[in-house]
Amino acid sequence: MKKLSLVFALCFSLFTFSQEKTFEITGTLIAEDSNLPIESATVYLERVKDSSIVTYTISDKNGFFKLEGRTFDESLNFYASYVGYGPYLKKIKIDREKIDLKTISMQLDNQLKEVLIKSTAPITIKKDTLEFNVKSFKTKKDATVEDLLKQLPGVEVDEEGKITVNGREVNKILVNGKPFFGDDPTITTKNLTKDIVEKIQIVDTKTKSEAFSGEAGDKENKTINLTIKEENNKGVFGRVAGGYGTDERYEYAGMVNLFDNDRRISALAGGNNINSPGFSFGELNKMFGGASMISINSNGSFNFDGRSFGGGQGITTSRSTGLNYADVIGETVDIAGDYFNSSSNSENETITERETILADSRFFTNSRSTSNNDTDSHSANLEFEIETDSTFQLNIEPSFRYSKTRTLFNSNDETLDEDLVLTNQSSVNSDVESYARDFSTDISATKRFGSKGGFVRAVVNTNVSKQEREDMLNSVAEIFGDLPETIIRDQFTDGDNSSYGVSTEFTYRLPIIDKKFFLNFEYQFSVDKEKNRQSTFDFNDIEEDFTDFNTELSTDFEYRDSRSIPRIGATYNGEKFYSRLDVGYNIRTLENNDLLRPQFNVERQFKNIEASYRVNYRFSPKASLYGGYSLRNNPPAIRQLQAFTDVSNPLSIVIGNPNLEPSNRHGFYGGYNGFDWQKRTGFYANINASFTNNQVVSKTVVDPETLVRTTTYENVDGNYNFGFSATYSKEVKKDTLKSVKFNLRARYNRSRNINFNNNVQYASTINNITPRLGVDFIWNKVMDIKPYYELVISNNAYDIDAFEDRNFTSHNAGIRTATFLPKKLEWENDIRFNYNPNVAEGFQKSAWFWNSTLTYSLLKDKGLISLKVYDLLNQNTNARRIATQDYIQDSQSTVLRQYFMLGFSYKFNSLGSKGETGDDDFFFF
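What counts, and where the lines are drawn
Residues numbered from 1 in each chain as written. Predicted model: local features only at pLDDT ≥ 70, side-chain atom pairs only at ≥ 80, totals over all residues. Heavy atoms only, no water. Helix = DSSP H or I, 4+ residues; strand = E, 2+ residues; numbered from the N terminus. Areas by Shrake-Rupley, 256 points an atom, 1.4 Å probe, with all protein chains shown as cover. Pairing = 2+ DSSP bridges. Axes fitted to C-alpha atoms, helices over the stretch in contact; angles between N-to-C directions. Buried < 20%, exposed > 50% of the residue type's maximum accessible area, 1.4 Å probe, protein only. Contact = heavy atoms within 4.5 Å. Phe/Tyr/Trp six-rings, centres within 6.5 Å; stacked < 30°, edge-to-face > 60°. Lys NZ or Arg CZ within 6 Å of the ring centre and 35° of its normal.

Engineer: Go over the overall build of the protein, please, and point to the residues and values.
Structural biologist: On a plain count of helices and strands, the protein comes out with six helices and 50 strands. Approximately 43,800 Å² of the protein is accessible, and the part contributed by carbon and sulfur atoms is 53%.

Here it is in structure tokens:
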């Protein structure tokens, strides 16, 4: 029966396509008041019957537009829309293939008050805002905001949920202008459904005070604001889901949202034992968007890539709960807050074999370790936005964090010389319990003056934290050879680390040209204080307790880092051109008072110039060119400056260097972003480079007899990094239902690093080239097919004879498919293949990874029942081989294995009409 339904649907589709007519509609838009062409106006066609969008485009700089498509309608409604001008409407009869509308004159909006046109443009482009009308973009049933974003032109969503708009990364998502569950955008995009959203607005990312003062935002990042429909601002909606599978695998999740006009309350809860620490409802794209998989790195490593699953190692069981609240108090105060509690348990076992290459010899290290980690954390955030009048804004943002962690760890290591003679070995067993508390408050006050864009701002940031740690350690280290030695440790360490930091900043912006050119005067003063005490006690056999204080393995110091930075700058913010230059002078003092080793006290002062410049030129709302420069200095870490000898690991000794200098980094970047609405093509390119002097690097010397490693630190010059990337996308609509999208991306990176190998300085130069091609075949309501292929070519070259140059090539390919026939049934697959011919003989060179899910909708599409398979081919492995300049390492650890899971989810919605509760399901936890 299902096969007959599929055949019938295909035949019906073919019959429908045969009745469609091809059309091409052209014309030019001009402004009636100036007779000049109108650029970036939205031009679109709607069906007369149901007002659904047929096709749309954006006029170019000459006001020209071209609409292409296919339809079986006799007539279509033609619309032209542009901000500040009244909409233009005309009913067009589709009676020929090419239709020329000649010149269309757009009238000012105030001249058309008597004309009422309810249709809304699919896209509206303003100076700094890109706005999408949600109803104009069709998605599958039960679509989330993430599903919707994938349909928008110029918007890309990768497998981990990272969003880019015209090549710029989205780093913030708001709901009705307010945050939704903190800083994790995927909670919003993966769990809110499309049907409650009316518009999607995309702007440059700004802080609240920047938006209030009228400053330009972050040109390199974007913010998405989801505007909820007016009638959906009161009611309850949400979803619950659960699943259980083979090998006792399970997951559950639930979210409930209560909207009451300005008040918004949301709660969520979830848990699983399938290595997913995030929150989702379990459908394929949400469950496996960052799924653990096999991959082969460009440097020759072959590893398990599981960013969403605890770093790709071990089995993790986790749960999370959260609460979000937003409201308006009176007429002057906006409040938003959230609370999260999450806990997890991770178990892992790792086996590693490493060959270390020295300038004149080599040695081998074998290790095996197991770990069990339990973590429980709480976080709470509040935001108060207070505007007493139109010229003054106060923002207060307190935040609190608490976590408790316990880790059981044991390992066994052995080191052999190049003749495979055992030289040293060690075993470690530890039980570490730690607590951490952190409280911070960010306060900013902004006062605008005049009408030209001037303002003053004061910012105070404070942070107080405290960490406590108890470590039970039992270890044995044995050194063989002519002077054998055995080091046995049975110890208890009581650690107490507290810190306090305060940063104040004052900004005065003086307008020179009304709302365009400004002088900026800033002063920043910051102080960070830290007290660190680690008291180690050896076990006393007579007293049968840890009573013998071990000075050598204990620390007790006070650290202070103070910075005084005056800055001056200039900003120009024109209609198309933006530029900002800032120059500062950083006076920095580092002090370390060692209470156990006064001879190692450190006080250093560094004085450096800091500078930054950024520029952006907007050719049109569709294309822009940007660039920038920065000069930054970073002081060495206090532990790198402390000259005492750290022997906490007797086989790896660390000694600080009090003569280190701060590093100076010169950074350059630039790029181009453009999206052609007429041709449905996007091109994005960027370049970046950095040059670092006085880079702090490790300098390790290996004892040839015992193979004990002693590490210190040095400043080196000559490190640099250069990268270039470009992306080209093209969408071709075959007809009203079918389209093909091409994505071509290429990346090149070159880096040079100065290092030491057994006291010999050398330089390594690494070149990486990574082209990637993807093709998306979309047949609306029938199927999606998205194959891709990626090639990784890497060359590592060294300037000393001890290291051989290495070349690596790896191949990564995959395909994502989705079928939507017969009705109510969806079948989604994610298949990936990796091949690396460069790994050693006998080591796995290739691997397949296949996830699959069947979903059937029921209960009027409110319920979904699913069957999913993780690692269908049962080939998941995290065996990996890593080759660097001075070692080659093979390792493997615990992985999540194949499982089958049956799940069910149900969504509910009682959102009413314009603030009134409707008759739909009303559901509470």
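Engineer: Give a detailed account of the sheet that holds strand β3 (residues 53-58), specifying residues and quantitative values.
Structural biologist: An order of β3-β2-β5-β6 is seen for the four strands of this open sheet, with the pairing classed as antiparallel. One side of each edge strand has no neighbouring strand; the edge strands of this open sheet are β3 and β6 (85-93). Between one strand axis and the next, the sheet turns through 15 degrees on average, direction left out of account. Sheet topology note: the strand β2 (residues 42-47)/β3 ladder contains five bridges and is antiparallel. Bridged to tyrosine 44 within β3 is tyrosine 56.

Engineer: I'd like to hear about the sheet that holds strand β34 (residues 645-646), residue by residue, with values.
Structural biologist: Within a sheet, neighbouring strands are paired by backbone hydrogen bonds and run either parallel or antiparallel to one another. Taken together, the four strands give an open sheet; going across it, the order is β34-β35-β39-β38, and neighbouring strands pair in mixed fashion. Looking at the sheet topology across the chains shown, the edges are occupied by β34 and β38 (695-702). As paired elements, strand β35 (residues 652-655) and strand β39 (residues 709-716) share three bridges and run parallel to each other. Each residue of the ladder has a partner; that of serine 652, found in β39, is arginine 709.

Engineer: Account for the side chain of serine 624, with residues named and values stated.
Structural biologist: Looking at the element boundaries, serine 624 is found in strand β33 (residues 623-634). Taking relative accessible area as the criterion, serine 624 reaches 11% and is therefore assigned buried. Apart from the residues lying within four places of it in its own chain, the contact partners of serine 624 are Arg168, Asn616, Tyr617, Arg618, Phe619, Gly671, Tyr672 and Asn673.

Engineer: Any chance you could break down the packing of aromatic side chains for me, citing the residues and the numbers?
Structural biologist: In total, this model carries 23 aromatic pairs according to the counting rule given. Between the aromatic rings of tyrosine 672 and phenylalanine 683, the centroid separation amounts to 6.2 Å while the plane-to-plane angle is 40 degrees, which identifies the pairing as tilted. Of this pair, tyrosine 672 sits in strand β36 (residues 663-676) while phenylalanine 683 sits in strand β37 (residues 681-693); the two residues are 11 residues apart in sequence, bridging distant segments of the chain. On the accessibility criterion, tyrosine 672 (29% relative accessible area) is partly exposed. Among the aromatic residues, those joined into a ring-pair cluster are Tyr617, Phe619, Tyr672 and Phe683. One Lys or Arg, arginine 509, reaches over the ring of phenylalanine 518 and ends 3.8 Å from the middle of that ring. Lying across the ring of tyrosine 56, arginine 680 places its NZ or CZ 4.4 Å from the centre.

All quantities given are derived from atomic positions and should not be read as evidence of function.
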